[in-house]
Amino acid sequence: MAKLKLGPIADDKPVKITLELPASLHRDLVAYAAILGREGGQGVGDPLRLIVPMLERFVASDRGFAKARREPHRAVGD
């Protein structure tokens, strides 16, 4: 069993956005969705639904961002 960073995708009300992705990234999202569906026992459907949870996970795990957020008076590069 693969150890993926994402778990089940919440079925939230979608917000429409426009985004251009490189074809290679889209292929990776399709493959990731397929693996997630196999591992989790549920289909993701549209692989673009992975973008938000991936971004949320990325932002939540970024220690530099968390530190800068706690100290808003400091510049991000400090």
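Before reading further, recall that the structure is shown in the block above.
Summarised in this report is the structure supplied together with it.

## Side note on the overall build of the protein chain
- Helix and strand counts for the protein chain come out as three helices and zero strands.
- For the protein chain, the N- to C-terminal ordering of α and β elements is α-α-α.
- Within the protein chain, buried positions represent 14% of all 78 residues.
- When contacts within the protein chain are restricted to residue pairs at least 6 apart in sequence, those whose partners lie at least 24 apart make up 58%.
- Counting only carbon and sulfur atoms, one obtains 57% of the accessible surface of the protein chain, whose full area is about 6700 Å².

## Focus: the nonpolar core
- Core analysis: the largest hydrophobic core is formed by eight residues, namely Leu6, Ile9, Leu29, Ala33, Leu36, Val44, Leu50 and Ile51.
- Leaving out residues up to four positions away in the same chain, Val44 has contacts with Ile9, Ala33, Leu36, Arg49 and Leu50.

Cut-offs and rules
- Residues numbered from 1 in each chain as written.
- Predicted model: local features only at pLDDT ≥ 70, side-chain atom pairs only at ≥ 80, totals over all residues.
- Heavy atoms only, no water.
- Helix = DSSP H or I, 4+ residues; strand = E, 2+ residues; numbered from the N terminus.
- Buried < 20%, exposed > 50% of the residue type's maximum accessible area, 1.4 Å probe, protein only.
- Contact = heavy atoms within 4.5 Å.
- Areas by Shrake-Rupley, 256 points an atom, 1.4 Å probe, with all protein chains shown as cover.
- Core = buried A, V, L, I, M, F, W, Y, C linked by side-chain atoms within 4.5 Å.

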